[in-house]
Structures are given as structure tokens and as C-alpha cells.
Amino acid sequence: MAKAPAKPAARKADPVLLSLFDVQEATLPNGLRVRLLANHQTPVVSLYTFFQVGSRNERPGITGISHLFEHMMFNGAKKYGPKKFDQTLESNGGRSNAYTSTDMTVYYEDFASDALETVLDLESDRMRSLRINDVALKSERQVVLEERRVRVDNDITGIMDEELGTLVWKAHAYRWPVIGWQKDIENITRQDCEQYFRTYYAPNNAVLYIVGDIEPKKTLALVRKYYGDIPKGPTPAPVLDAEPEQKGERRAEVRHPAQSPALMIAYRGPAARDEDTLLLDVIQYALAKGEGSRLTKKLVYDTQLAVSVGVDWGWRLDPGIILFFLELKPDSDPRKVEEALYAELERLVAEGLTERELQKAKNNLRADHLRELATNSGRAHAMGHYEALLGSWRDGLSLPSVYAAATNEQVRAVAAKYFAPERRSVVTVRPTAPADGAGATVDAVDAQEVA
């Protein structure tokens, strides 16, 4: 009887890293969670606000509202009106930005430590009393629609990614793109935005991370002063993962004016908290991190079948995907390139990684992890990311030890589990001659599940 592969090492925080994270934690009566980490090396501070909402929390009819609302948050509030947020922040030497993903929406600022109270005033103002009206909605709607035209409708990777989502997911909200469907964006109402704001931008659905030149006790007092009177919102409805089991390969072919064919291939993966997640991190780095990685060496340099190859394994709250994207030469046969990729994945299952590949992947993972934790902004973002997806920011400090303990036996077992053909969805771009007004078309006959 074959010996079962050993399970990944238990997630225990690295004691050295844990000693650097003397985090003070608190929860206000209105449900706002606060994480404070002092670092007095330089007189600067990073503030991150993580809202537990993304495209995963949407429904047909309002897809894209999470991303649209990210834009709306910069339109002013009761105290700081239109354009005052950035003006006030930048006049204090600060900068801000935000992003929306499938699982979260994040706002962040970097600024001099003496501007801390001003920034807390700015952020709490828009959480308490954001300006929502038809004029602001119309303006931001047009901005988002133009962004969609540029990043999706007129971009090959955007077109492919959107088509792939509809292949991989049949029932889950991951099916639609974060930016949303065009018709939904066009029809989101002010009432939709107001309900969304009351539900998802309430303090009980947010976590505040403040890292840098702060005195935690005084900072918490300021947080209570500026956020303490913001009322709780309703408890957001839970997201049901009703995605059925995939029973065969799914394929779609996109015809689009392009110079070369391209492939986007996804395998159904686990959720972030699954024990296989970190082993897939190791596999991702071994297959495609750097010019000497296995797939780059084999498909780009040795056989010259592809111009580039990338692997994206992004953690998600619900089961996500391991994504392969290959740009091909104009005369490449996509099926031949597919076969070459699948042969490499089969070799990974049969033989695993070489000791050098495995150690290199571990080294690169550790280096990237420590590099992120080297700055105030990196630490604040890392804590928020880990807490949102793993359940606790402390779990993120266990990554180096888990990566270091990964074995070839575990790599082979995880590769065999996830790189099975029946877990695969494939989108191929076939170049067509440019035509006025012509966009991408999808071969609906090929968009099917192959048992």
C-alpha cells in the first residue's frame, strides 16, 4: 500500500517575526477592530482600512458595485467636501490609494506621523457621512465604464479572463469580473449605493491597521474620538458557496483581432485556509518565478513554443484557481503548446521538483515575504491580507516555517490533486483580421464541459 504523503507543517508563527509584531488590538463598541503597531525608526505612518466586501458579495444586477464604490469614496463627505480628501492629505505630505478584489476593498494612506489625527479625521468622515448623490454617481460611473473599455473590452488578457470566469464558476459570485458587467454598471442606482454603504462600509465590517511612528495608547484614544460615534450597520448576509463539482474539462475559443494566439488555462484550487494553499505557493514559484523557472526554461527558451508564460495562484476566501497564461508566437499551434504544458505538469506529478528547484522556490518565497514586512505599508497590508483570508494576522507569520518544511512528496501529492484534467478550463484566443467595429466573439459550441 502506498504511503500517504505527510501533511504540511502546522502553522506556527515564526518567533523572530512574532517578536517584531508587538501589535496592540482593540474592538470599539460599534464593532470597529483596530490593530496598532509602533515602529519609531522614521517619523512616518501607514494607515490601512480593510472592508470585508468585494465582488464576492454582489449579485446579478449590481455586479461591479464594489469597485464603483471604491471610486465613490473619494467624492467627499460631510466635513471634507469634493476634492478635499486628497487636497488635505497631500498638503500634509501624504498620499493615498485603494483597490478592490473579489474578497475585500482596501484604502490606504502613507503620511508623516504628525498628520495622524488629520488622517483619522479624513477617513472617519467618509465612513460616517459619505457624499452619495446622482451627480457623483454619474461621474464615477463614466470613469468606471471607460476603465472597463480599456482593461477588458480592448485588452486581450481582460477578454480572456472574463471568459474564463464564466467557464470555471457556474454558481459562485467569482463568476463575474470585479469591475462588473457593463449593463449592471450602467444601471446601478443611487439607492443601491446608499444601501451598499450602510451595509458594507459600517464600522462592524471594517478593520483599521495603523503602523509606524505612533504611541499605541494615544492612537487608540484618537481612533475612539473620531470613529466611536459611527453607528453599527446591519450584519452582511453570508456568501453561500454553492458551486457544483466540475466533472470534465471546459473550453471556449475567443476570436479577436490580435497579432498572436494566446492561452489562459485554469485549474480549480482550494480556499486560502486550506492546508494545500501554501504548497501551491511553492509550486507556483518553482514553475514560473524568474527566467530560470521550469516552465519559462522549457516553453520559452528550450522549445520556443511560447513568448512568455506566467502562473498566478491568488488566495481567495472560497476556492479559487491556479491560472496559467501563455503568450504564443504568431505561427504557434495552441494545441501543441497545451500538450507541452500538460506534459510538464504530468512530469511534476511523476517526479516532483529537483532539490535545487524546491530550495530556490522556498528561498524566493521567504525573500518576498520578508521584503513585504520591511516597510510600515507592507506590514499594515500584510496583516490585513492575512487576517482577511487566513482568519488571523498571526497566521501570516507562520509562512516561512511552513514553506521551509515543504517536501517533494507533498508537492507531488498536491500537483496530482489539482492538475487533473477534469479540474481544467481553457480559453484560447484565435487571431482574426481587424474589422471596423468588430470586437471579440466567443465560440459558444466549444464553451462546454467535456466529460
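All residue numbers refer to positions counted from 1 along the written sequence of the respective chain. Whole-chain, interface and lining totals are the exception, using all residues; otherwise, since this is a predicted model, local features are given only for residues with pLDDT of at least 70 and side-chain atom pairs are given and counted only at 80 or more. Side-chain measures here rest on the full set of heavy atoms in the structure, leaving out hydrogens and waters.

A.B. asks: Talk me through the pairing of strand β4 (residues 95–100); I want residue IDs and the actual numbers.
C.D. replies: Pairing of β4 with strand β5 (residues 105–112), which is carried by 6 bridges, proceeds in the antiparallel orientation. Counted as the bridge partner of R95 is D110 from β5. Following β4, the chain reverses through 4 residues before pairing antiparallel with β5. The rule for pairing is simple: two strands pair if DSSP sees at least two bridges between them. A run of H or I in DSSP becomes a helix once it reaches four residues, and a run of E becomes a strand once it reaches two; helices and strands are each numbered from the N terminus.

A.B. asks: I'd like a description of the nonpolar core, backed by residues and values.
C.D. replies: Core analysis: the largest hydrophobic core is formed by 66 residues, its most contacted members being I283, W315, I322, F324, L326, L341 and F419. It is helix α10 (residues 277–288) that provides the largest number of residues to this core, a total of 9 residues. Whether two residues are in contact is decided by their heavy atoms: any pair within 4.5 Å suffices. If near-sequence neighbours (up to four positions away) are discounted, I283 is found in contact with L348, V411, V414, A415 and F419. In these notes, a set of buried Ala, Val, Leu, Ile, Met, Phe, Trp, Tyr and Cys residues joined through side-chain atoms within 4.5 Å is what counts as a nonpolar core. Residue exposure (1.4 Å probe, protein chains only): buried if accessible area is under 20% of the type maximum, exposed if over 50%, otherwise partly exposed.

A.B. asks: Please give an account of the packing of helix α4 (residues 116–129) against helix α9 (residues 216–227) that cites residues and values.
C.D. replies: For the pair α4 and α9, the least separation of the axes is 9 Å and the interaxial angle reads 30°. Classified by chirality, the crossing of α9 by α4 is right-handed. Contact residues: α4 offers L116, E117, L120, D121, E123, S124, M127 and R128, while α9 offers T219, L222, V223, K225, Y226 and Y227. In the scheme used here, Gly and all other residues not listed as nonpolar or charged are polar, with Ala, Val, Leu, Ile, Met, Phe, Trp, Tyr, Cys and Pro taken as nonpolar and Asp, Glu, Lys and Arg as charged. Counted by class, the contact of α4 with α9 contains 7 nonpolar, 2 polar and 5 charged residues. Every angle, taken between N-to-C directions, lies between 0 and 180 degrees, and every axis is a line fitted to C-alpha atoms, over only the stretch in contact when it is a helix. What makes a crossing left-handed is the near helix being turned counterclockwise from the far one by less than a right angle; a clockwise turn instead makes it right-handed.

A.B. asks: Explain helix α17 (residues 408–418) residue by residue, including any values.
C.D. replies: N408, Q410, V411, V414, A415 and Y418 are the residues of α17 that are buried. For α17, the angular spread of the buried residues around the axis is 155°, confining them to a single face. The arc under discussion is defined with respect to the helix axis, by the directions toward the C-beta atoms.

A.B. asks: Could you give me a rundown of the sheet that holds strand β3 (residues 44–51), with the residues and numbers involved?
C.D. replies: Strand order in the open sheet formed by 6 strands is β1-β2-β6-β3-β5-β4, and the pairing between neighbours is mixed. Lying at the two open borders of the sheet, with one neighbouring strand each, are β1 (24–27) and β4. Ignoring strand direction, the axes of neighbouring strands in this sheet form an average angle of 15°. Judged from the 7 bridges that link them, β3 and strand β6 (residues 206–212) form a sheet pairing that is antiparallel.

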